[in-house]
Structure formats: structure tokens, C-alpha cells
Amino acid sequence: MRILLVEDEPLIASFVSRGLRAEGYSPSIAASGDEAVVELQQREWDLVILDLMLPGLDGFAVLKGALASDPNLPVLVLSAQNGVATKVAALDAGASDYLAKPFSFDELLARVRVCLRRHPGAAEAAEAYERPLKLDARNRRITRRNGQRVQLSERECALLEYLLRTPQEVVSRERILNAVWDYQFDPRSNVVDVYVARLRRKLEAEAVIETVRGGGYRLIPC
């Protein structure tokens, strides 16, 4: 599941992003309201975690824009504004849920799960992961046709999930770095090639990850 985390406080953004990734999600960070709008226009998301006090456009403007483009997109507000009036205003504006800071990460995860279960696309996405290869992103493992379970590392799981969401599509190394590593590596790095090689060994006959010269990689389920 791809989650857009809209948070301008670097420590909170880093903490939440690392925790979500450890749980098998694919988070990306937008540090301002304007950046969030761009991300919402350029990509499809399964969930938005949204702060209200942001540089540029505020959270209410981002919420309005997000729901205008996708009325079914779940938005979880995560804000230090904990007054009843603000919570009511956010929920009336279309937010799926509201969690005040400071917060328990376990509670945040529980609310994320609830929001994703409500998303109409969640069931279809989960079903897609069953065919022909079963990916258990939460426990970071795949199940082969013979029932054998193979454990994945955090990055291997995130990479496979991203490729499963783009079957038959050629995705560049830059796009993969952006989605899986959040710009933490130089685009010239061979880290993607290393992890693709690891996945190929673990997938065996369940799927093929093709190298497309000058383009990137493409996942072809077998």
C-alpha cells in the first residue's frame, strides 16, 4: 500500500516513515502543502496521512484537493491541533479519521489499517497480490505455488510490492529509487540492481524480473 505522509517536521516524518516501512507499507514524504498537491496529482495513493499546519497550502486545502481528485481516498489527519472544533471541521471536510499529537505509533498503525480496509481499492490490491504470487507484506514473505514460504528483507518486500503494483510495466531505476528508497541513494547507485538480483533468486519460477536495456525493469508473473 502506497501512503503519502504530509508532514513538515523532519523528526516526525522520519519516525513515522520508518515505522510504516517496517510494517510493509510504502510511504513517501511531502514536506509542504504544495508538495503534497503535486504528489497527489502525479501518482495514485492508497492513503494520505496529513498534518494540518503546513508551509504553503494548509492541511484543509490539501484535504479538499485530495478528495476532489479521488472522493474515495482515505485521509488520516495527524495534527497537534487537538481541539474539538478542529477535529469536527476536518471530519466534516471529508477526513476518514483524526489522531492528535503526541500519539502512540501502535494506535497510528491501527487507524491506518482501519482506513485502508475502508478504501474500495484495498480489496482489489490485496487480491492482485495473490495472483500468481502470494505476497504477505506485513510479515515480509512470499508463498510459492508449492506452499513454501520465503522470507524477504524489508527492502526486498518493498521492491516486490512496487513491481507487483506495476505488472508488465517498465519502471526505471530512478522511479524505483523514488518509491522504495525515498531518494536516499544516488541515482547512479547499483543498489536497485543488487536487490533485483536477490529477488530473482527468491522468486525462482514464480515470476520473472526482466531487465529492459535503457529502460529499467519489468515484472512478468509466470
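Only a predicted model underlies this, so the values are computations on that prediction, with no experimental measurement involved.

Draft legend 1. The arrangement of the nonpolar core in detail. By size, the foremost hydrophobic cluster in this structure holds 28 residues, and its most contacted members are Leu-135, Leu-160, Ile-176, Trp-181, Val-192 and Ile-209. Those elements giving two or more residues to this core turn out to be helix H7 (154-165), helix H8 (173-181), helix H9 (191-203), strand E9 (207-212) and strand E10 (216-221). Broken down by element, this core gets its largest block of residues, 7 residues, from H7. Not counting residues up to four positions away in its chain, the partners in contact with Trp-181 are Arg-155, Ile-176, Val-191, Val-192 and Tyr-195. The next biggest cluster of nonpolar side chains, apart from the first, holds 20 residues, and it includes Leu-4, Val-6, Ala-30 and Leu-40.

Draft legend 2. Focus on the confidence of the model for the protein chain. This prediction gives the protein chain a mean pLDDT of 84; 87% of its residues lie at or above 70. Averaged pLDDT values over the elements of the protein chain bottom out at 48 in helix H6 (residues 120-130) and peak at 96 in strand E3 (residues 47-50). Counting interchain partners and residues more than four positions distant, the pLDDT-below-50 stretch residues 122-130 has 9 contacts.

Draft legend 3. Structural view of unusual backbone geometry. A cis amide bond links Lys-101 to the next residue, Pro-102, at an omega of -5 degrees. With respect to the secondary-structure elements, Pro-102 resides in the loop between strand E5 (97-100) and helix H5 (105-118).

Draft legend 4. Spatial organisation of the environment of Ile-29. Position of Ile-29 among the secondary structure elements: in strand E2 (residues 26-30). Taking relative accessible area as the criterion, Ile-29 reaches 33% and is therefore assigned partly exposed. For the pair Ile-29 and Ala-13, spaced 16 residues apart in sequence, the C-alpha separation works out to 7.0 Å. Ile-29 has contacts with Leu-5, Glu-7, Ala-13, Ser-17 and Glu-35, leaving out every residue within four places of it along the chain.

Draft legend 5. The arrangement of the sheet that holds strand E1 (residues 2-6) in detail. Spatially, E2-E1-E3-E4-E5 is the arrangement adopted by the 5 strands of the open sheet, whose pairing is parallel. A single partner strand is all that each edge strand has here, and the edge strands are E2 and E5. Shown here is a sheet whose adjacent strand axes are inclined to one another by a mean of 20 degrees, direction ignored. The pairing of E3 with strand E4 (residues 75-79) spans 3 bridges and is classified as parallel. Within E4, the position partnered with Ile-49 by the bridge is Leu-76.

Draft legend 6. Spotlight on the pairing of E4. Counted residue by residue, E4 has 5 buried out of 5 residues, so it is predominantly covered. The alternating pattern of E4 places Val-75, Val-77 and Ser-79 on one face and Leu-76 and Leu-78 on the opposite face, and all of these are buried. With respect to chirality, the unit in which E3 leads through helix H3 (residues 59-69) into the neighbouring parallel E4 is right-handed. In the sheet, E4 pairs with E5 via 4 bridges, with the strands oriented parallel. Bridge pairing in E5 links Val-77 to Tyr-98. Taking the sense of rotation as the criterion, the β-α-β connection linking E4, helix H4 (residues 84-92) and E5 turns out right-handed.

Draft legend 7. Just the pattern of salt bridges, in detail. Inspection of the entire model under this criterion finds 8 salt bridges. A salt bridge links Glu-156 to Lys-202; the shortest N-O distance between them is 2.8 Å. Taken together, the positions of Glu-156 in helix H7 and Lys-202 in helix H9 put the pair 46 residues apart, joining distant regions of the chain. With a shortest N-O distance of 2.8 Å, Arg-218 and Glu-210 are connected by a salt bridge. The partly exposed category is assigned to Arg-218, whose relative accessible area is 24%. On the accessibility criterion, Glu-210 (28% relative accessible area) is partly exposed. Through salt bridges with shared partners, a single network forms among Glu-7, Asp-51 and Lys-101.

Conventions adopted
- Residues numbered from 1 in each chain as written.
- Predicted model: local features only at pLDDT ≥ 70, side-chain atom pairs only at ≥ 80, totals over all residues.
- Heavy atoms only, no water.
- Core = buried A, V, L, I, M, F, W, Y, C linked by side-chain atoms within 4.5 Å.
- Buried < 20%, exposed > 50% of the residue type's maximum accessible area, 1.4 Å probe, protein only.
- Helix = DSSP H or I, 4+ residues; strand = E, 2+ residues; numbered from the N terminus.
- Contact = heavy atoms within 4.5 Å.
- pLDDT = per-residue confidence, 0-100.
- Pairing = 2+ DSSP bridges.
- Axes fitted to C-alpha atoms, helices over the stretch in contact; angles between N-to-C directions.
- Right-handed = clockwise from strand over helix to strand, strands pointing away.
- Salt bridge = Lys/Arg side-chain N within 4 Å of Asp/Glu carboxyl O.

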